[in-house]
Amino acid sequence: MDLNYTEDEVAFRDEVRAFLKDKLPKELSDKIAANKMLTKEDYDLWHARLDDQGYLAGAWPKEFGGAEWTAVQKHIFEEECARAHAPRIVPFGVAMLAPVLQAFGSKEQQDYYLPRILSGEDWWCQGYSEPGAGSDLASLKTKAVREGDHYIVNGQKTWTTLGQYANKIFCLVRTSSEGKPQEGISFLLIDMDTPGIEVRPIILIDGVHEVNEVWFTDVKVPVENLVGEENKGWTYAKYLLTHERTGIAGVGFSQEGLQSLKRVARQEMQNGRPLIEDPLFAARLARIEIDLMAMATTNLRVVAAADAGKAPGAESSMLKVKGSIIRQQINDLARRAVGPWAQPFVSEQLSDNLFHPGPDYAAKATNVYLNNRKISIYGGSNEVQRGIITKAILGL
Ligand SMILES: Cc1cc2nc3c(=O)[nH]c(=O)nc-3n(C[C@H](O)[C@H](O)[C@H](O)COP(=O)(O)OP(=O)(O)OC[C@H]3O[C@@H](n4cnc5c(N)ncnc54)[C@H](O)[C@@H]3O)c2cc1C
C-alpha cells in the first residue's frame, strides 16, 4: 500500500493551503490558537467562506452539489485546517444529517433541507442521547405518537451539542414498543421553535456552555418530517454514526497540540534550562510523539483502504481510542508544563479581557485539559470501543 500522496493529492493540499492563507480571518485563527470559544457568528462566517469555495459540501456526492472528495482528500482538508487553526466544520448538518437525507430522505426533504444546510439558514443539532440512553441508545424513551397528520412528541434529549444555536434538531424517537427496542425507533426532523420545546444549558466542567438538555412537551411535528419509514430509524441512525466516526482520530489536532506544547516547553524554564531539555519531560514528550506518528500512519492506512473501497470497521474504534488518549495526554502534559500558572483556573477566565497572572499560553491549559475529558466519552465511549475491538479484531 502506497501511503505517499499522489500528484493530484499534493495539488489539492496546496490549493487548500492557499485558500486557508487567503480566506481564514486572523481573528478566527487567533481565537482557535488561544483555545477560545467561537460564537455562532464565527461559525456562520467560516461556513459561508467554505461554501463560496465549494469546500463545505466537499464530501457530498456530485448530484447534490458536492465535490465527492475521496477519503484522502477529506483527510488532507482536515489536517490542513487543524494546522492553520481554522474552525472545524460544525458536523451536525453538513456531515451527519446531509448523508442521511441523501441516502434515505424524500426528494422534497432533499430539495428543501440540503441547500439550507449549505447557506447556513438551518443550524442542526443531534437529538440522540437521553438520560439512560447513551451507550445503550436503543433504550431511548422519547415518544412520538401519530395523531392524524402529526406526531405528538414527549420526552427529553441530553448532551445536545450547541443546541442553543440550533433552529432544527434531528431526533430518534420511539414510535413503537413492539419487538426488539431497535425496531420501534423513527427519525424525525423537528423545528426548535415549535411550542413545547425547551432548551436548558448544561455547563461543562471547564465552565463553558457547549451542551444542553432539550425537553419536549406535546410537541406537534408534521408527518412529512419523518425521514424514510416509520420504525426504521435505527438503520438511518447507524448510517449517520458511521459518518460521525470518520476523522475521529483527530490527527491534525494532536499534531498541532504537540507543536504548541513544544513551543511552550522551549519557553518554560526548569532548573535553569528550558523544560524541553529536562530528560523526564523530554521522554514523556517523545513517547507521545512516537504514539502519534504510529497513529498517523495507521490513520493513513485506513484512509487509503477506504479509498480502495474497503469500509472502515473496527479500525475506526482503534483510532477513536488511541486518538482520544493521545489528545488527552498532550493536554495533560501542556497543563503540567506551565506548572503553577495552570492553577488560577476560573470559568470567568473564558472572557477575553480577564486578567491572567501567567503567560498567555498558560491561560487555557487547565480549561482545555478539563474540556477534552469529553472526547473519550462522545462518539461512543472508549470502553464501548474497546468492547468492539475485543470482539471484531481480537476475536474474543
Ligand atoms: C461533550 C459531549 C457532547 C455530546 N454531544 C451529543 C450530541 O450532540 N447529541 C447526542 O445525541 N449525544 C451527545 N453526547 C452523548 C454521548 O454520545 C454519550 O455521552 C455517550 O454515548 C455515552 O453515553 P452516556 O453518557 O449515557 O454514558 P453511559 O452509556 O451511561 O456510560 C457510563 C459509563 O459506562 C460505560 N459503559 C457503558 N456501556 C458499556 C459497555 N457495554 N461496556 C463497557 N463499558 C460501558 C461507559 O463507557 C461510561 O464510562 C455528547 C456527550 C458529551 C460528553
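Above this text you will find the structure in question.
Rules and cut-offs
Residues numbered from 1 in each chain as written. Predicted model: local features only at pLDDT ≥ 70, side-chain atom pairs only at ≥ 80, totals over all residues. Heavy atoms only, no water. Near = heavy atom within 4 Å. Polar contact = N/O pair within 3.5 Å; in protein donor to acceptor, adjacent residues only side chain to side chain. Areas by Shrake-Rupley, 256 points an atom, 1.4 Å probe, with all protein chains shown as cover. Nonpolar A, V, L, I, M, F, W, Y, C, P; charged D, E, K, R; others polar. Buried < 20%, exposed > 50% of the residue type's maximum accessible area, 1.4 Å probe, protein only. Helix = DSSP H or I, 4+ residues; strand = E, 2+ residues; numbered from the N terminus. Pairing = 2+ DSSP bridges. Expected span 1.5 Å × (residues − 1). Bend = angle between axes of the 7 residues up to and from the residue. Salt bridge = Lys/Arg side-chain N within 4 Å of Asp/Glu carboxyl O. Contact = heavy atoms within 4.5 Å.

Asks: Could you clarify how one ought to interpret the site of the ligand in this entry?
Replies: Near the ligand, the surroundings consist of 16 residues, among which Ser-135, Trp-159, Thr-161, Ser-381 and Glu-383 are the closest. The contact in question runs from an oxygen atom of the ligand to an N or O atom on the side chain of Ser-381, over 2.6 Å. At 2.6 Å, a side-chain N or O of Glu-383 approaches an oxygen atom of the ligand. Expressed as a share of its isolated accessible area of 970 Å², the protein-covered part of the ligand is 64%. Here the shell around the ligand is composed, by residue class, of seven nonpolar, seven polar and two charged.

Asks: Before we go on, may I ask you to explain the pairing of strand E3 (residues 150-157) in this structure?
Replies: On any regular strand, side chains alternate: one points to one face of the sheet, the next to the other face. Most of E3 sits out of view: six of its eight residues are buried. Taken together, the five bridges between strand E2 (residues 143-147) and E3 define a ladder with antiparallel strand orientation. What sits directly across from Glu-147, in E3, is His-150. Relative to strand E7 (residues 209-222), E3 runs antiparallel, the two being bridged by seven bridges. Note that in E7 the partner of Tyr-151 across the bridge is Val-221.

Asks: Please clarify how helix H5 (residues 91-104) should be interpreted in this entry.
Replies: Each α-helix winds once per 3.6 residues, and so residues spaced three or four apart point in a common direction. Along its 14 residues, H5 runs 18 Å from first to last C-alpha, staying within 8% of the 20 Å computed at 1.5 Å per residue. Bending of H5 peaks at approximately 40° at the position of Leu-97, with proline Pro-99 no more than four residues after it. For H5, the tally of buried residues reaches eleven of 14 residues, placing the bulk of the element in the interior.

Asks: What is the right way to look at the pattern of salt bridges in this model?
Replies: Side-chain pairs of opposite charge can arise where the charged atoms are in close proximity. Scanning the model with the defined rule gives 19 salt bridges in all. Residues Asp-14 and Arg-13 are paired through a salt bridge, measuring 3.8 Å at the closest nitrogen-oxygen approach. For Asp-14, a relative accessible area of 40% translates into the label partly exposed. Taking the relative accessible area as the measure of exposure, Arg-13 reaches 22% and is therefore partly exposed.

Asks: Could you clarify how one ought to interpret helix H4 (residues 71-83) in this entry?
Replies: With 13 residues, H4 should reach 18 Å at 1.5 Å per residue; the first-to-last C-alpha distance of 18 Å fits that figure. Contact partners of the buried residues in H4: helix H1 (7-23), helix H3 (40-53), helix H8 (251-267) and helix H9 (279-307). One or two positions beyond H4, positive phi appears at His-85, with a value near 60°.

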